[in-house]
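Here is how the chains run, residue by residue.
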Amino acid sequence: MTDALAWFAARTRKTSTRVLIALLFALPVLKGLVNRITEGGGGFLDDFEAVQCAGRLAAAGEAFYGAQAVCADIPGHTTFVYAPWAAHGAGAIIQGIGEFGFVAAYTAVYLAALAFLGFQVFFNRSTPGRPLERLLFLGLITGSAVVLGNVAIILHALVLIGALLVTGSVLPLALALGVAGAFKPVLLTFGVVFLLAPISWVRRIIGGVLALVLALGPWVWSYQTGGAEWDAWVEITRFMAVERAPGDGFWGWLAVFGVQGTAPGALAGYLAYALILTLAGWAIAARAGLSARERVWMGLALGTLLIPRLMAIDVYLLAPGMLAVAFAARAAAPGVFRAVSWLVLGGCFLGLLFDLVDLGDFALKTALLAFALAIVVTAVGVARRTTNPAATANIAS
């Protein structure tokens, strides 16, 4: 049995075949976009409009959490779930440049971030993997993940910029993680890039500590000054993030079995999962002889898989890193490489298949499980092989 990458390359030599494959794996995005346009599946920038509405209410001194947080002229917005500081910050911006200016500025930044992510992940030839191989991961992205206008797109773009610069300086990534963590603390999992990048332990510690301090600052301020607003945020977060929409990552896997992320043993289970995956990533980075860029991209993929409540808007940075994992499996044994390559590409194929046959609830969950298994299998295979001096020379000091 041949490996999946060779199998795929042999069947996509013709330009017409490559075009058809790209269109096929773009179907989930295209289907979501068409649904929103033709069937009233929702509006554009709905998630951002929740922030816009909360900012307006905060500026007026009104409550911005719960059923009473309504803006009549923004009927389609989603529920505001960010910390109180985000609403007050949006309110200050609205008071400064007006709502039109706020919407225009955000839209411009959002579209720029979306274009940057799309280019770097799927089309930049210096990114690990062939562009067509990376486009297979497009099948895991839904139309809503593109058009909702969620700030996660901007945050992922910032993290990617910082990660690509991390070998020169840890400051850009630390600043990016500080901003990302201030909005969404779960995105601090991308701090694993510090561990996998070929930099010194001193720089890793400095970058990690700085990111934590910057990210936690706004949360500490919200906790100390929020009062009833903080209590409302805790309540709505518990409902939205844990009960209603646990996502497709570790919490999503638990939800399949009817277990909530706050259930007894769930935290211990997640910590064990995160520890195993992190150690596996470290073993690959240390022993497989990957380039600095491949190690950084693998760190981004690993950071994605470590997000406990992983949503469709969080998978943009997976493709290059998972292909780097497949390349690393070559350093183990042919059997390991074959297995890992099929786990990686098979995850993409199954994700697309489940989405197209209306089993979308399992599409991303299945793919993410396959990717996590690929990392562990690669780490075990690489760790068991005889140490290669050429590979170990790449280990960070």
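Scroll up a little and you will see the structure.
Worth saying up front: this structure is predicted, and the values here are computed from it rather than measured.

A. Structural detail: the side chain of Asn124. Residue placement: Asn124 occurs in the loop between helix H5 (84-123) and helix H6 (131-135). If near-sequence neighbours (up to four positions away) are discounted, Asn124 is found in contact with Phe119 and Arg134.

B. Local environment of the pattern of salt bridges. Counted under the stated rule, the structure contains 6 salt bridges. The residue Arg238 makes a salt bridge to Glu235 at a minimum N-O spacing of 3.1 Å. With Arg238 and Glu235 both in helix H12 (residues 228-244) and 3 residues apart, this pair spans about one turn of that helix. Look at Glu235 and you get partly exposed, because its relative accessible area is 47%. Several salt bridges share partner residues, and in doing so they unite Arg56, Asp73 and Glu99 into one network.

C. Spotlight on the packing of aromatic side chains. The tally for this structure, following the rule as stated, stands at 23 aromatic pairs. Between the aromatic rings of Tyr65 and Phe80, the centroid separation amounts to 5.5 Å while the plane-to-plane angle is 40°, which identifies the pairing as tilted. Placement of the pair is Tyr65 in the loop between helix H4 (46-59) and H5 and Phe80 in the loop between H4 and H5, with a sequence separation of 15 residues. The residues Tyr65 and Phe80 share a single accessibility class, namely buried. Ring pairing ties together the aromatic residues Phe64, Tyr65, Phe80, Tyr82, Trp85 and Phe183, which thus form one cluster. Above the face of the Trp201 ring, Arg204 is positioned so that its terminal group lies 4.6 Å from the ring centre.

D. A nonpolar patch on the surface, seen in detail. Together, Leu24, Leu27, Leu30, Val256, Phe257, Val259, Leu350, Leu353, Leu356, Val357, Leu359 and Phe362 line one region of the surface with nonpolar side chains, adding up to about 1000 Å² of accessible area. Within the residue set of the nonpolar patch, elements represented by two or more residues are helix H3 (27-38) and helix H17 (334-356). Among the elements that take part in the nonpolar patch, H17 stands out by supplying 3 residues, more than any other. Structurally, the position occupied by Leu359 is in the loop between H17 and helix H18 (360-384).

E. Quick look at helix H16 (residues 318-329). Spanning 12 residues, H16 covers 17 Å between terminal C-alpha atoms, matching the ideal 16 Å at 1.5 Å per step. Residues of H16 that are buried include every one of Leu318, Ala319, Pro320, Gly321, Met322, Leu323, Ala324, Val325, Ala326, Phe327, Ala328 and Ala329, and no others.

F. Focus on the nonpolar core. One finds Phe137, Met322 and Phe371 to be the most contacted residues of the largest nonpolar core, which totals 131 residues. Element by element, the count of residues in this core is highest for H5, at 12 residues. Residues in contact with Phe137, not counting those within four places in the same chain, are Leu318, Ala319, Met322, Leu323, Val344, Cys348 and Phe371.

G. Up close: the packing of helix H15 (residues 292-305) against H16. Contact pair H15 / H16: the axes reach a minimum separation of 7 Å and the direction vectors enclose 115°. Here H15 is positioned roughly perpendicular relative to H16, judged by the angle of their axes. The two elements H15 and H16 meet at a crossing, and its hand is left-handed. Each of Glu294, Trp297, Met298, Ala301, Thr304 and Leu305 in H15 lies in contact with H16, whose residues at this interface are Leu318, Pro320, Gly321, Met322, Ala324, Val325 and Phe327. Each residue belonging to the contact of H15 with H16 can be placed in one class, and the counts come to 10 nonpolar, 2 polar and 1 charged.

Here is what the cut-offs are and how they apply
- Counting from 1, residues in each chain are numbered in the order their sequence is written.
- Totals for whole chains, interfaces and linings use every residue, but because this is a predicted model, local features are given only for residues with pLDDT of at least 70 and side-chain atom pairs only at 80 or more, for both listing and counting.
- Excluded from the side-chain calculations are hydrogens and water; all other atoms, namely the structure's heavy atoms, are used.
- We count a stretch as a helix when DSSP gives it H or I for four or more residues in a row; a strand needs E for two or more, and each element gets its number in order from the N terminus.
- The contact criterion used is simple: two residues touch if any of their non-hydrogen atoms lie within 4.5 Å.
- Whenever Lys or Arg places a side-chain nitrogen within 4 Å of a carboxyl oxygen from Asp or Glu, that contact is recorded as a salt bridge.
- For the exposure calls, accessible area comes from a 1.4 Å probe over protein chains only, and a residue counts as buried if that area is under 20% of its type's maximum, exposed if over 50%, partly exposed in between.
- Two rings belonging to Phe, Tyr or Trp (six-membered ring only in the last case) form a pair when the distance between their centres is within 6.5 Å. Interplanar angles under 30 degrees mark stacking, angles over 60 mark edge-to-face geometry, and anything in between is tilted.
- When the NZ atom of lysine or the CZ atom of arginine is within 6 Å of a ring's centre and also within 35 degrees of its normal, the charge is said to sit over that ring.
- Surface patches are defined over residues having more than 30% relative accessible area and no salt bridge, joining like charges when they lie within 9 Å and nonpolar side chains (Val, Leu, Ile, Met, Phe, Trp, Tyr) when within 5 Å.
- Here the open area of atoms and residues is found with the Shrake-Rupley method and a 1.4 Å probe, where only the protein chains shown may cover a residue.
- Take the number of residues in a helix, subtract one, and multiply by 1.5 Å to get its expected span.
- Side-chain atoms within 4.5 Å link the members of a nonpolar core, which is a set of buried Ala, Val, Leu, Ile, Met, Phe, Trp, Tyr and Cys residues.
- A fitted line through C-alpha atoms serves as each axis, taken over the contacting stretch for helices, and the angle formed by two N-to-C directions is quoted from 0 to 180°.
- Here the angle decides the label: under 35 degrees means roughly parallel, over 145 means roughly antiparallel, 65 to 115 means roughly perpendicular, and every other value means oblique.
- The hand of a helix crossing depends on one turn: near helix anticlockwise from the far one by less than a right angle means left-handed, and clockwise means right-handed.
- Amino acids outside the nonpolar list (Ala, Val, Leu, Ile, Met, Phe, Trp, Tyr, Cys, Pro) and the charged list (Asp, Glu, Lys, Arg) are all regarded as polar, and Gly is one of them.

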